[in-house]
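Structural overview
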Amino acid sequence: MKAPLDLDQLQTFIMIADTGSFTRAADEVHRTQSAVSMQMRRLEERIGKPLFEKEGRLNKLSEEGERLLGYARRLIHLNRETLSAFDDARLEGVIRIGTPDDYADRFLPEIMARFSRSNPKVELTVICEPTPGLVEHIKRGNLDLALVTHNDTRGQSEVVRREPLLWVSSANHATHEQEVLPMAFGRPTCIWRRAACDLLDDMNREYRVLFTSFSATVITAAVLSGLAISVLPECALRPGMRVLGEADGFGALPDCKIGIMRGHTTRPDLVDALARHISESLDNISVPVAEESGSFDFAAMAFARVRRQKQGLVQPGW
């Protein structure tokens, strides 16, 4: 029987992947660079595969290294969860978190499940509102933490995930071929809406805003019914949607950046623990992609790496 993997080696491996540097990883794990290099040689010997490859003067993860990273994160998190379960001084109390509903639908199940298993005595209070409303709640002290759409001009949050922002239409309708494009957007303050309108203007495409709503459910319904096209982050794609690209006459949009905002709180220990769980959870969540069978296997992909949707891809129907 093979010996188990060394968790210290896996923690160092994760830090190298996150920082992009053996030197910075050594600082984070409080080891010398030579000790970190020795750990990685031993981990490669244990796995039996090269985990890094040279790209010029830099080291990057090999294909096998990318594959190991997902497993390593799961093992480290399970280790923390196990220790927490037997910790008599584990966290307890109430923490208030806010998130837009499109993020809640995709991300909250994983976040809540992970956090609750590790911290069963902590009560989560969750509200769903668009990012501008969550920012106000943070300022007023109504929330301890918020998962928001990051705005570069304000620099209001710590970015924990990036995804492409995509043009989407119904896979069962030719809505995007209409001479005047019917659009479904968030409210005028929405940065995705502004980015889409600016690009449509640059492309000299005629359009009219047919639906405006802060609800992702309403926007999704308008798209799937073929009444309008919209822009959504990769995580918000649903079966029955078609991703539009240059071949359809639509230019590339800026990436969607998802960030964490922290409020003023008397329980920074709770906030730090939840923020860490959110960051780890988002690292492990992938975006459903169309399988050849025409169905999704969400469980099998729960810890897969994020894969970008190809332009023109048609998501399977319901």
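Residues numbered from 1 in each chain as written. Predicted model: local features only at pLDDT ≥ 70, side-chain atom pairs only at ≥ 80, totals over all residues. Heavy atoms only, no water.

1. Concerning the overall build of the protein chain
Helix and strand counts for the protein chain come out as nine helices and 11 strands. A buried classification covers 47% of the 318 residues belonging to the protein chain. A separation of at least 24 residues holds for 73% of the contacts in the protein chain among residues at least 6 apart in sequence. Carbon and sulfur atoms make up 51% of the accessible area of the protein chain, which totals about 16600 Å². (Helix = DSSP H or I, 4+ residues; strand = E, 2+ residues; numbered from the N terminus. Buried < 20%, exposed > 50% of the residue type's maximum accessible area, 1.4 Å probe, protein only. Contact = heavy atoms within 4.5 Å. Areas by Shrake-Rupley, 256 points an atom, 1.4 Å probe, with all protein chains shown as cover.)

2. Observations concerning helix H6 (residues 131–140)
Those residues of H6 that fall on the buried side of the exposure criterion are Thr131, Leu134, Val135, His137 and Ile138. Each buried residue of H6 lies within a common arc of 160° when the element is viewed along its axis, so the set occupies one face. Of the exposed residues in H6, the ones pointing more than 90 degrees away from its buried face are Lys139 and Arg140. Where H6 is buried, its residues meet strand E3 (92–99), strand E4 (121–128), strand E5 (145–149) and strand E11 (255–262). Glycine 141, located one to two residues past H6, shows a positive phi value of around 80°. (Arc of directions from axis to C-beta.)

3. Regarding the pattern of salt bridges
Within this structure, the stated rule accounts for 10 salt bridges. Close ionic contact of lysine 60 with glutamate 53 constitutes a salt bridge, the shortest N to O distance being 3.6 Å. A relative accessible area of 35% means that glutamate 53 is categorised as partly exposed. One salt bridge connects arginine 96 with aspartate 144, and the closest N-O pair in it is separated by 3.0 Å. Residue arginine 96 is found in strand E3, and its partner aspartate 144 is found in the loop between H6 and E5; the two are separated by 48 residues along the sequence. Given a relative accessible area of 5%, aspartate 144 falls into the buried group. Bridged by salt links that share partners, the residues Glu136, Lys139 and Arg140 form one connected network. (Salt bridge = Lys/Arg side-chain N within 4 Å of Asp/Glu carboxyl O.)

4. Considerations on the nonpolar core
If you look at the biggest cluster of nonpolar residues, it comprises 39 residues, and the most contacted ones within it are Leu147, Trp167 and Ile278. For this core, the element with the most residues is helix H9 (residues 268–284), which contributes seven residues. The next biggest cluster of nonpolar side chains, apart from the first, holds 19 residues, and it includes Ile16, Phe22, Met40 and Ile76. (Core = buried A, V, L, I, M, F, W, Y, C linked by side-chain atoms within 4.5 Å.)

5. Considerations on the packing of aromatic side chains
One pass over the structure, following the stated rule, counts five aromatic pairs. Measuring from ring centre to ring centre gives 5.9 Å for phenylalanine 13 and phenylalanine 52, while their planes differ by 70°; the resulting arrangement is edge-to-face. Of this pair, phenylalanine 13 sits in helix H1 (residues 7–19) while phenylalanine 52 is found in strand E1 (residues 52–55), placing the two residues 39 residues apart along the sequence. For phenylalanine 52, a relative accessible area of 15% gives the class buried. Cluster of aromatic residues (ring-pair linked, three or more members): Phe13, Phe22 and Phe52. Residue placement shows arginine 205 over the ring face of phenylalanine 250; its charged tip is 5.1 Å from the ring centre. (Phe/Tyr/Trp six-rings, centres within 6.5 Å; stacked < 30°, edge-to-face > 60°. Lys NZ or Arg CZ within 6 Å of the ring centre and 35° of its normal.)

6. Quick word on the pairing of strand E2 (residues 58–61)
Across four bridges, E1 lies against E2 in antiparallel orientation. Bridge pairing in E2 links lysine 54 to asparagine 59. The turn linking E1 back onto E2 is made up of two residues, and glycine 56 within it adopts a positive phi angle of 70°. (Pairing = 2+ DSSP bridges.)

7. A closer look at the confidence of the model for the protein chain
Confidence in the prediction for the protein chain averages 83 pLDDT; 86% of positions are at 70 or higher. Below pLDDT 50 for its whole length, residues 288–318 participates in 79 contacts with residues either more than four positions away or in separate chains. (pLDDT = per-residue confidence, 0-100.)

8. A word on helix H7 (residues 191–202)
For H7, built from 12 residues, the straight-helix expectation of 16 Å at 1.5 Å per residue is met to within 8% by its first-to-last C-alpha distance of 17 Å. At the exit of H7 stands asparagine 204, carrying a positive phi of roughly 60°. (Expected span 1.5 Å × (residues − 1).)

9. Structural notes on unusual backbone geometry
The general pattern is negative phi for most residues beyond glycine and trans for most peptide bonds. Residues other than glycine seldom take positive phi values, yet histidine 30 does so here, at roughly 60°. We note that asparagine 204 has phi near 60°; this positive angle belongs to a residue other than glycine. Summarising the element assignment, asparagine 204 is placed in the loop between H7 and strand E8 (207–212).

10. Digging into a nonpolar patch on the surface
A cluster of nonpolar side chains, namely Leu5, Leu7, Ile47 and Leu75, defines an oily patch on the protein surface of about 260 Å² accessible area. By the element assignment, leucine 5 lies in the segment before H1. With a relative accessible area of 32%, leucine 5 lands in the partly exposed category. (Patch = residues over 30% accessible without salt bridge, like charges linked within 9 Å, V, L, I, M, F, W, Y side chains within 5 Å.)

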